[in-house]
Amino acid sequence: MIGKLKGTVDEIDEDHIILDVHGVGYVAFCSARTLSKMTAGEAAILHIETYVREDQLKLFGFSTVLERDWFRLLQSVQGVGAKVALAILSTLTPSDLANAIALQDKVMVARAPGIGPKVAQRIVTELKNKAPAFSGEAAGTMGLKQELGEGVASSAVTDAVSALSNLGYSREQAANAVGAALRDAGEDADSAKLIRLGLKELAR
């Protein structure tokens, strides 16, 4: 099994690169996000997921370990294969994906090409308890977002997020701002205070 490759980018194509490792060219299929970080002729490191089937051997490469871990996790959902997982990771960052799942935002997941509402629903439902471990930079507000997604957040938090959303901010932006406001104001803060502090956070 190949876990990581370090070499020089020999060629960049629509969905893969050829990485020259000591004279051997490895074809690695990548998400659009990883491809955008590659430059022909420059050194690169890819974290690899190796697929071995009866009739094929494929390498999937990612610029970060977290992206590779999400690639594996997504495929644990029925109806999500390698192609669909790559499409999702080409559209959403690992943090965006973790946020969408925590907030049960199937519309956000369905933004990826080839993802229908049924598959998006399965992803946010089946991965909701696993997403926090794969949330990366979004980890700080993951608990709050899960409470919002499950409808068990306090009325002050729910009202504050709703008010900020009505002002044109995305639900994720609103939840992040209210999460920061809660850290400053404490768990007993009312919605008016959370909205005020949340707006300050969003204005930064």
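Remember, predicted model here, so these are calculated numbers, not experimental data. (Residues numbered from 1 in each chain as written. Predicted model: local features only at pLDDT ≥ 70, side-chain atom pairs only at ≥ 80, totals over all residues. Heavy atoms only, no water.)

## Structural notes on the sheet that holds strand β2 (residues 16-21)
Taken in spatial order, the five strands close into a barrel running β1-β2-β3-β5-β4, and their pairing is mixed. Direction aside, neighbouring strands of the sheet carry axes that sit 55° apart on average. The pairing of β2 with strand β3 (residues 24-30) spans six bridges and is classified as antiparallel. Counted as the bridge partner of His-16 is Phe-29 from β3. (Pairing = 2+ DSSP bridges. Helix = DSSP H or I, 4+ residues; strand = E, 2+ residues; numbered from the N terminus. Axes fitted to C-alpha atoms, helices over the stretch in contact; angles between N-to-C directions.)

## Here we look at the nonpolar core
Formed by 30 residues in total, the largest nonpolar core has its most connected members in Trp-70, Phe-71, Leu-74, Leu-97 and Ile-123. The greatest single-element share of this core, amounting to six residues, is contributed by helix α3 (residues 82-91). In this view, Phe-71 contacts Glu-49, Tyr-51, Phe-60, Phe-62, Ala-82, Ala-85, Leu-86 and Leu-89; residues no more than four positions away in its chain are not counted. One finds Leu-19, Val-21, Ala-28 and Ile-48 within the second-largest nonpolar core, a separate group that totals 13 residues. (Core = buried A, V, L, I, M, F, W, Y, C linked by side-chain atoms within 4.5 Å. Buried < 20%, exposed > 50% of the residue type's maximum accessible area, 1.4 Å probe, protein only. Contact = heavy atoms within 4.5 Å.)

## A short note on a negative patch on the surface
Together, Asp-10, Glu-11, Asp-13, Glu-14 and Asp-15 line one region of the surface with negative charge. Summarising the element assignment, Asp-15 is placed in the loop between β1 (4-12) and β2. (Patch = residues over 30% accessible without salt bridge, like charges linked within 9 Å, V, L, I, M, F, W, Y side chains within 5 Å. Areas by Shrake-Rupley, 256 points an atom, 1.4 Å probe, with all protein chains shown as cover. Salt bridge = Lys/Arg side-chain N within 4 Å of Asp/Glu carboxyl O. Lys, Arg positive; Asp, Glu negative; His and termini not counted. Charge placed at Lys NZ, Arg CZ, Asp CG, Glu CD.)

## Description of the packing of aromatic side chains
For the structure shown, the criterion picks out five aromatic pairs. Here Tyr-51 and Phe-60 contribute two aromatic rings whose centre-to-centre distance is 5.0 Å and whose plane-to-plane angle is 65°, an arrangement assigned as edge-to-face. Owing to a relative accessible area of 15%, Tyr-51 belongs among the buried residues under this scheme. Ring centres of Tyr-51 and Phe-71 lie 6.2 Å apart, and the angle between their planes is 40°; this geometry places the pair in the tilted category. With Tyr-51 in strand β4 (residues 43-52) and Phe-71 in helix α2 (residues 65-74), the pair connects residues that are 20 residues apart, well separated along the chain. Side by side, Tyr-51 and Phe-71 carry an identical accessibility label, which is buried. (Phe/Tyr/Trp six-rings, centres within 6.5 Å; stacked < 30°, edge-to-face > 60°.)

## Looking at the side chain of His-16
With respect to the secondary-structure elements, His-16 resides in strand β2. A polar side-chain atom of His-16 sits 2.8 Å from a polar atom in the side chain of Asp-15. In contact with His-16, other than residues within four places in its own chain, are Glu-11, Val-27, Ala-28, Phe-29, Cys-30 and Leu-35. (Polar contact = N/O pair within 3.5 Å; in protein donor to acceptor, adjacent residues only side chain to side chain.)

## What about the side chain of Glu-49?
By the element assignment, Glu-49 lies in strand β4. When its relative accessible area of 15% is taken as the criterion, Glu-49 is described as buried. Polar side-chain contacts of Glu-49 include one of 2.6 Å to the side chain of Arg-72. Not counting residues within four places of it along the chain, the set of residues in contact with Glu-49 comprises Lys-58, Leu-59, Phe-60, Phe-62, Arg-68, Phe-71 and Arg-72.

## A word on a nonpolar patch on the surface
Taken together, the side chains of Met-1, Val-52 and Leu-57 present a nonpolar region at the surface, about 390 Å² in accessible area. Within the element layout of this structure, Met-1 appears in the segment before β1. A relative accessible area of 84% places Met-1 in the exposed class.

Purely geometric numbers; function is a separate question.
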